[in-house]
Amino acid sequence: MDRHAPSRALLGTQLFAQVENTRVLMVGAGGIGCELLKNLAMLGFGHIELVDLDTIDVTNLNRQFLFQRQHVSQSKAHVARESALRFNRNITIISHHGNIKDPQFDLAWFKSFNLVFNALDNLDARRHVNLMCVAGKVPLIDAGTAGYSGQSTIIQPGVTECYDCHPKPTPKTFPVCTIRSTPSAPIHCIVWAKNFMFPQLFGEDEDEGDANLVNDTTNAKQVQELVREAQALRELKRSAGLPGFAERVFVKIYRHDIERLLSMEGLWQMRQKPVPLDVEALVAAANELRDPLADETAHCRVRTIEETTKVFLQSTAALAKRYAASGPQSFDKDDDAAMAFVSAAANLRCHVYHIALKSFFEIKSMAGNIVPIVATTNGVVAGLMVLHALQVLEGRVLETTTDLLTAPPAAQHLVSRPNQVLARDKLFPPVSSCAVCARAYVQVAVDTASTTLGDLLEAIVDAFSVLPVDNVTVLEGARMLYDPDFDDNLGRTLADLNVPSHHAFLLVDAYDQDDQLVQPLSVYIQKSGKKGVEILGNVPQLWTKPAPPKVQDAPIAGGDELDDEVVMAVDDDDEDIIMTESSAAGNETGHVGRTRR
Ligand SMILES: Nc1ncnc2c1ncn2[C@@H]1O[C@H](COP(=O)(O)OP(=O)(O)OP(=O)(O)O)[C@@H](O)[C@H]1O
Ligand SMILES: [Zn+2]
C-alpha cells in the first residue's frame, strides 16, 4: 500500500503535495523534538533536516522514545533520524550533530527552508533561531512546555509577533548578603552551594564577585568579612587534591566562617543565630559510615547530618581531585559528584541556620531549576505544531491561534481559564518597538579581509539609492562603528574591526534631513572569498518615502481580543521553580505564558 495514502486522504491532494515538497528544519531532538519528528515523518513531510548538539543521556529514555538504551552517548540528531526513518522510508531526513549557532547554519542556509520548528530548551537558542527566521523571512513554529502547560505559536515574520516581541521573565535574584551570611530558606543555601561555594572551590579563579561586593557600601563591615572569607577559600583551594582537603574545607565553612559571622553581633539582633557544626565529632562519625549515596532509595528522604557530612567529604574530595587533574569545573545537575556536593553542602548549611533540610531529589530539582516534564504535554504540543505548520502551508496564518494546554483538574486554580484543556488566542502583529521585528534585513556577501567599512556602507547606500552616507550610523551590537561625527573606521576592513566571523548583523540606521530615523536596517554579513560587496536576494523595500507605516499594536482584523490573561500553570513559589542567583540556566523549555498588552 502507498505509505502516504492515509495522509493524502486526510489532507487532500493539494495540501499533501505541499507537505511532500516542503523543506522543513527542526531544531532540537529532545522531548518535544522526538514527538515532532515522528509526526512530521508519519504525515509525509518530504524533506526534513534536524539539528541537535547533544548526545543521548540515559535520563532521556523515559520520554524521548526515538532513543533506546543501546543509543546512550550517541548523537541525538543521528539516532532520531534513523529511528524516524523506520516509520517512513519514503522521505528524506538529514541530521546535523551540532549547535544551531555554528557557522555553517548561516542565514543562507536558514533561507533554504520553507518552515522551521523550534523544539528547544533554552532561551538563547530560541532567540537565535527566531532572529534568523525573521531575518530570512522564514515562518517559524515555536513551542515550549513546562509541566502540564505547553504552547505552540506561529511566528510569521512581519505578520505576527516574534519570540522577542515581549521580554521574557528575568530570573529571581537574592541579595548577596542573604546568600552569603543570613540565609532563611533552603533555596538560599542551595544557591550558596551551587553559585558560590562550588565555583569558588572547583571553578575558575576570579575576584569579580569580590569586586562587586566591595562596591556595596551599605554593609561595609559585613562585606569586608565576606571578601576575607573568599580570599581564605582561594588560599585553601591551592591544596585541592591533596589529602585532608575536604576536611579543611569542612572546618572552614561550617565552623570558622560561622564563628566569624557570629562575632558580628548586629547581624543577629533580629535573627536566630547560626550554630557552628561540631566538626570533629561529625568527621569521626562520617568515617564510620559506608557511602550513603549507594542507597538511591534514600534520595527521596532527608539524610542524617552524619550521612550528609560523609557525602560532603567524599564529593568534595572527588571534585577536588578532578579539579587538580583537569582544571576548573562547572556545575551540572547531571554530574553525580557536583550534585552530591551541592545537596550535602546546602543541607549542612540549612542545619547550621536552623532551616528545614531537603531530600537529595528536592535539592536536585531546585538546583537544576527543574520543572517536571510531562511526556503527554510534549506529545500534545508536538501535535499542535504540525497543525500550525499545515495552517502556514495553507496560507491561513491570520486565522491561526496560539494553543495552550492548561492544567489538569487538580491544578485548575492555577490557570486563568479553568476547565479548558486547549485555550486559543488570536495572534498579534509584531510589536513596533521589538528590536528584531522593527528592522528590515539584508544579506551581503563580503570578503571581510579586504572589504572596508566604507566599501560596505557605500554599497548599501548605493543599493538603496537614498540617503547620503553622512545621514547613516553603523553599530555592531552596542559598539558604534560609524556615525557622521565618527568616521575613523571607514578605511578599516571588517576583519580589522573584529566584526564577528559568523552571524554578524551590522545595524545600519538611516536618518532623513530632519534627523528622523527612517527605518533601521540590519545587514547580515555572509563571508565570501570574492572581492567586493554583493547584496544577496532582493533589496528590501525600505527607506522609501514616506516612511513605512508603523505596525499597529492591535489585533489582526477580524480577531476578537480575549480578555483573559494566560499564565503558566505552574506554582512559582520559591520551592517549585527555582531561579538562581546568577543565571536562568537549566530548563528553559517553558516561557509558555504570553504577556498580554
Ligand atoms: N543551541 C542548540 N543547538 C542545537 N540543539 C540544541 C541547542 N540547545 C538545545 N538543544 C537541544 O534541544 C533539545 C531540547 O530538548 P529537551 O528540552 O527535552 O532537553 P533534554 O536536554 O533532552 O532534557 P533535560 O534537559 O530535561 O535533561 C535537547 O536535545 C538539546 O540538546
Ligand atoms: Zn518581534
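Residues numbered from 1 in each chain as written. Chains lettered and ligands numbered in written order. Predicted model: local features only at pLDDT ≥ 70, side-chain atom pairs only at ≥ 80, totals over all residues.

Observations regarding the sheet that holds strand E12 (residues 504–511)
(1) Moving on: Judged by pairing direction, the sheet is mixed, and its six strands sit side by side in the order E11-E10-E12-E13-E9-E14 without closing on themselves. Edge positions in the sheet fall to strand E11 (479–482) and strand E14 (533–536), since each of these pairs with one other strand and no more. When the angles between neighbouring strand axes are averaged without regard to direction, this sheet yields 35°.
(2) Moving on: Strand direction decides the pairing type here: strand E10 (residues 472–476) and E11, joined by three bridges, are antiparallel. Within E11, the position partnered with Glu476 by the bridge is Arg479. (Pairing = 2+ DSSP bridges. Helix = DSSP H or I, 4+ residues; strand = E, 2+ residues; numbered from the N terminus. Axes fitted to C-alpha atoms, helices over the stretch in contact; angles between N-to-C directions.)

Points about the domain arrangement of the chain
(1) Moving on: Partitioning the chain into domains gives domain 1 (5–168 + 373–426), domain 2 (184–354) and domain 3 (440–536).
(2) Moving on: Here the C-alpha centre of domain 3 lies 51 Å away from the C-alpha centre of domain 2. (Domains from an automatic or database assignment.)

Remarks on the nonpolar core
Soluble globular proteins: nonpolar side chains tend toward being buried together.
(1) Moving on: By size, the foremost hydrophobic cluster in this structure holds 92 residues, and its most contacted members are Met26, Leu37, Met385 and Val523.
(2) Moving on: The leading source of residues in this core is helix H16 (residues 375–393), at nine residues.
(3) Moving on: When residues are assigned to domains, this core turns out to be shared by domain 1 (5–168 + 373–426) and domain 3 (440–536), each giving three or more.
(4) Moving on: Once you skip the residues sitting within four places of it in the chain, Met385 turns out to touch Leu36, Phe117, Ile141, Ala143 and Ser152.
(5) Moving on: Ile179, Phe202, Met339 and Ile355 belong to the second-largest nonpolar core, a separate cluster that totals 48 residues. (Core = buried A, V, L, I, M, F, W, Y, C linked by C-beta atoms within 7 Å. Buried ≥ 20, exposed ≤ 12 C-beta atoms within 10 Å, placed from the backbone. Contact = placed C-beta atoms within 7 Å.)

Overview of the site of ligand 1
(1) Moving on: Residues in contact with ligand 1 amount to 23 residues; listed here are only the nearest, Gly28, Gly30, Gly31, Asp54 and Asp121.
(2) Moving on: Elements with a minimum of two residues in the shell around ligand 1: helix H3 (31–43) and strand E2 (47–52).
(3) Moving on: Of the residues contributing to the shell around ligand 1, the split by class is eight nonpolar, ten polar and five charged. (Near = placed C-beta within 6 Å. Nonpolar A, V, L, I, M, F, W, Y, C, P; charged D, E, K, R; others polar.)

Considering the packing of helix H11 (residues 245–262) against helix H13 (residues 305–326)
The description of two packed helices rests on the angle between their axes and on the distance between the axes.
(1) Moving on: Across the interface, H11 lies against H13 with an axial gap of 8 Å and an inter-helix angle of 120°. In terms of axis orientation, H11 runs oblique to H13. Pair H11 / H13 crosses with right-handed handedness. Across the interface between the two elements, Phe245, Ala246, Glu247, Val249 and Phe250 from H11 touch Phe312, Leu313, Thr316, Ala317 and Ala320 from H13.
(2) Moving on: Considered class by class, the residues forming the contact of H11 with H13 number eight nonpolar, one polar and one charged. (Parallel < 35°, antiparallel > 145°, perpendicular 65-115°, else oblique. Left-handed = near helix turned anticlockwise from the far one by under 90°.)

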